[in-house]
Amino acid sequence: MTVLSMSRTEIDRVHVLRDVVAERITAREAAQLMRVTRRQIFRLLKAYRSGGPAALISKKRGKPSNRSYPAVVRTEALALIKAKYADFGPTLAAEKLAERHGLHFGVETVRRWMLADGIWQDRRQRLKRVYQPRHRRDCVGELIQIDGSEHWWFEDRGPQCTLLVFIDDATSRLMHLRFVETESTFDYFAATRAYLERYGKPIAFYSDKHATFRVNKVGAIGGDGMTQFGRALHELNIDIICANAPQAKGRVERANGTLQDRLVKEMRLAGISTIEAGNAFLPAFLEDYNRRFAKAPLSDKDVHRPLAEHDDVDNVFAWKEERTVSQSLTLQYDKVLFILEPNEITTSLARQRVMLFDYPDGRLVIKHNGRALPYRTFDKVRQVDQAAIVENKRLGPVLAYIAEQQKLLNVTRSQRAPRRRGQGKSLFKAG
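Only a predicted model underlies this, so the values are computations on that prediction, with no experimental measurement involved.

Opposite charge on two side chains permits pairing when their charged atoms draw close. Tallying each qualifying case throughout the model produces 21 salt bridges. As a salt-bridge pair, D169 and R251 come within 3.2 Å of each other at their nearest N and O atoms. Of this pair, D169 sits in the loop between β2 (161-168) and β3 (174-180) while R251 sits in helix α10 (residues 250-270), and the two are 82 residues apart along the sequence. Given the relative accessible area of 11%, R251 is considered buried. It is possible to trace a salt-bridge network through shared partners that takes in E155, R157 and R268.

Next up, the structure:
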C-alpha cells in the first residue's frame, strides 16, 4: 500500500474530481468549487485519469523555493550571526544585519535559519523544565539537606565567605549553620561533627554534586569511588544522596535565599563583620528563624540515632590515605618524606601498607593495624639536613646540588591533600 502526503487543498481536489468523473457534478460546478477556470479543471481531470491522486500532488514539494536566497547568502548571514550576534534573538539579529552589514532579510527568514542551524530555540524548547513539588519526609532526622552558600554575608564590612546550611526536610527547620572561608572537606567535617554531637546520626544527608560529596572526575578508576566525606559518613552508617539538580533540594535552596536577605540585614544591624563574630551570632538567629518558619512534622518520631561507643569521631573525621612503606622505611605524603623510626614493629613493615591520618587540627599520625608508628619528617621542598651532609662525605656534594636545584624549582604542594587555610586547633570547637 502506497501512502501519499497531500495538503488539505489537494485532498479536496481529489473528492471534487472524483465527482466529476462519476458525472455527479459538471466541470463548471467543479471550477466554482475549486475556484479555478474550466480550462484548469480539464487539465486536472487529464492528470487524475492518467496518474490517479498522486498526479495532483504539487511538483514543487520538497524542492527549494524559487524565491529563496542563494546558499552563499545564507551562509554569510549565519557566519555573521555566529561571530557577532550569537546571543541575539532573531528580531534583533535581523535589525543588526540590515543596519551594520546591509543585509536585509525578513525576521521569519532569520528565525528559520537560526533554528535550523541550532543558534536559536523555539519557545517550546526554551521553556524551563517543570519540577513537581515533593512531599516532605515524615520524621525529623530522616533526611537532612546540606549546602554551602557563597555570598557577601558581611556586605562591604568583611570578606566574602560561605555559610554551611543543614536543614531538616520534614520540618524546614535549620539544624546547623556555620560560616567558613571556603566549602572544603575539613569545613564539612567540622560542621557535621558538631551536628552529630548535638542531634545524633540522621538516616541520610541530601546534597548537591559538589566534589566534597561525589567523585566527579569522568572515567575515574581505582579507589572505592568515595570521597573523604562519603567515607566518613559510611563509617558512621549514614547515607548520602546527591541531587541531580538544585530544584531537587529546594528546601535548602529557598532557605539560602531567605538567609541571604534576613541574616545579612540582621548582621548589619548588629555590626558584625567577621566570620568569628558571625558564628557567635548564629545560634540566636537560628532559634528565632525556626520559631518563625519551621513546620510541624507529620510524625512526632525523631529518627536520629545516638553516636555509638565504637563511633570514633576523631578518626572518622580525619583525612585518610594509604601508603606503601619503602625498603628504607620511608613514605611520602603531600610532597613530604616521612621516615619511620626503626624499632621492633617498624622494621618488619617494608613493602607493607600503612594508613596516614591527617587530622583537622594539624596532627598527622601514621598507623598500622590501629597502632601509631613513630616517625620523623624530611620536607623535600624546604628542608635539608645540613648536619647529615657534613658528616657523610659521599652524599654531601650530591645533596648540596639537589638542595640548590630545589631552590630554583617552584614546586607546588600536592593538590590532592586537604587545605585548612589556617583554621588550626579551634576547628571543632565552634558549633
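Structure's up, so let's keep going.
A separate point is the nonpolar core. As a rule of thumb, soluble globular proteins bury nonpolar side chains together. Residues F166 and I366 are the most contacted members of the largest nonpolar core, which totals 37 residues. A per-element tally of this core places helix α8 (residues 185-199) first, with 7 residues. Other than its neighbours up to four places away in sequence, I366 contacts L331, F338, L340, V354, M355, L356, R371, A372, L373 and Y375.

If you look at helix α11 (residues 275-293), its biggest bend is around 35°, right at L282, and the proline P283 turns up within four residues after that. Every buried residue of α11 is accounted for by I275, G278, N279, L282, F285, L286, Y289 and N290. Contacts from the buried residues of α11 go to β2, β3 and α10.

Right, let's get into the environment of T192. Tracing the sequence through the fold places T192 in helix α8. Of the residues examined, T192 reaches a relative accessible area of 0% and is grouped as buried. Considering only alpha carbons, one finds T192 and L233, 41 residues apart in sequence, at a separation of 9.4 Å. Excluding residues within four positions of it along the chain, T192 makes contact with F166, F205, F229, L233 and F317.

So, on to the side chain of T185. Position of T185 relative to the elements: it lies in helix α8. Not counting chain neighbours up to four residues away, the residues in contact with T185 comprise T212, Q228, F229 and W319.

One can expect most non-glycine residues to show negative phi and most peptide bonds to be in trans. Backbone geometry places S172, a non-glycine residue, at a positive phi of 60°. Residue class for S172 comes out buried when judged on its relative accessible area of 13%. Phi at R351 is positive, roughly 65°, even though this residue is not glycine. Locating R351 in the fold gives a position in the loop between β8 (336-340) and β9 (353-358).

So, about the packing of aromatic side chains. In this description, a pair of aromatic rings is defined by centroid distance and the angle of the planes. Taken as a whole and assessed by the stated rule, the structure comprises 22 aromatic pairs. With centroids separated by 5.8 Å and ring planes inclined at 80°, the aromatic side chains of Y69 and W113 adopt a geometry described as edge-to-face. You can see Y69 sitting in the loop between α3 (38-51) and α4 (71-84) and its partner W113 sitting in helix α6 (residues 107-117), a full 44 residues away along the chain. Since its relative accessible area comes to 9%, W113 is described here as buried. Pairwise contacts between aromatic rings join F186, Y188, F189, F213, F229, F317 and W319 into one cluster. Sitting over the face of the ring of Y359, R363 holds its NZ or CZ atom 4.1 Å from the ring centroid. Positioned above the aromatic ring of F357 is the side chain of K367, whose terminal nitrogen or guanidinium carbon lies 4.7 Å from the ring centre.

Now for the sheet that holds β9. Read from one edge of the open sheet, 4 strands run β6-β9-β10-β11, paired in antiparallel fashion. Single-partner strands in this sheet number two, and they are β6 (319-324) and β11 (371-372). One ladder, built from 4 bridges, connects β9 with strand β10 (residues 364-368); its direction is antiparallel. Bridging from a neighbouring strand, D358 pairs with L364 of β10.

So, on to the sheet that holds β2. Within a beta sheet, neighbouring strands are joined by backbone hydrogen bonds and run either parallel or antiparallel to one another. The mixed open sheet is built from 5 strands, whose spatial order is β3-β2-β1-β4-β5. Edge positions in the open sheet fall to β3 and β5 (239-242), since each of these has one partner strand only. Across this sheet, the average inter-strand angle for adjacent strands is 20°, counted without regard to direction. Examined bridge by bridge, strand β1 (residues 144-151) and strand β4 (residues 204-207) share 2 bridges and lie parallel to one another. When the sheet's bridge partners are listed, Q145 is paired in β4 with Y206. Against the sheet, α10 touches β1, β2 and β3, its axis set at about 45° to β1.

By the criterion of burial, β1 is predominantly enclosed, with 6 of the 8 residues buried. In terms of strand pairing, β1 meets β2 through 8 bridges, oriented antiparallel. Pairing of E150 across the sheet is with T162, part of β2.

Okay, the environment of W113 next. Put simply, W113 and T75 are 38 residues apart on the chain and 9.5 Å apart in space, counted from C-alpha to C-alpha. With residues near it in sequence (within four places) discarded, W113 still touches Y69, R74, A77, L78 and F105.

What follows covers the packing of helix α1 (residues 8-21) against helix α2 (residues 27-34). When two helices pack together, you describe them by how their axes are tilted relative to each other and by the distance separating the axes. Running from N to C, α1 and α2 cross one another at 170°; their axes reach a closest spacing of 10 Å. Regarding the angle of α1 to α2, the classification is roughly antiparallel. The segment α1 lies against α2, with R13, V16, L17 and V20 engaging A30, L33 and M34. Looking at the contact of α1 with α2 residue by residue, the class counts come to 6 nonpolar, no polar and 1 charged.

Calculation rules
Residues numbered from 1 in each chain as written. Predicted model: local features only at pLDDT ≥ 70, side-chain atom pairs only at ≥ 80, totals over all residues. Heavy atoms only, no water. Salt bridge = Lys/Arg side-chain N within 4 Å of Asp/Glu carboxyl O. Helix = DSSP H or I, 4+ residues; strand = E, 2+ residues; numbered from the N terminus. Buried < 20%, exposed > 50% of the residue type's maximum accessible area, 1.4 Å probe, protein only. Core = buried A, V, L, I, M, F, W, Y, C linked by side-chain atoms within 4.5 Å. Contact = heavy atoms within 4.5 Å. Bend = angle between axes of the 7 residues up to and from the residue. Phe/Tyr/Trp six-rings, centres within 6.5 Å; stacked < 30°, edge-to-face > 60°. Lys NZ or Arg CZ within 6 Å of the ring centre and 35° of its normal. Pairing = 2+ DSSP bridges. Axes fitted to C-alpha atoms, helices over the stretch in contact; angles between N-to-C directions. Parallel < 35°, antiparallel > 145°, perpendicular 65-115°, else oblique. Nonpolar A, V, L, I, M, F, W, Y, C, P; charged D, E, K, R; others polar.

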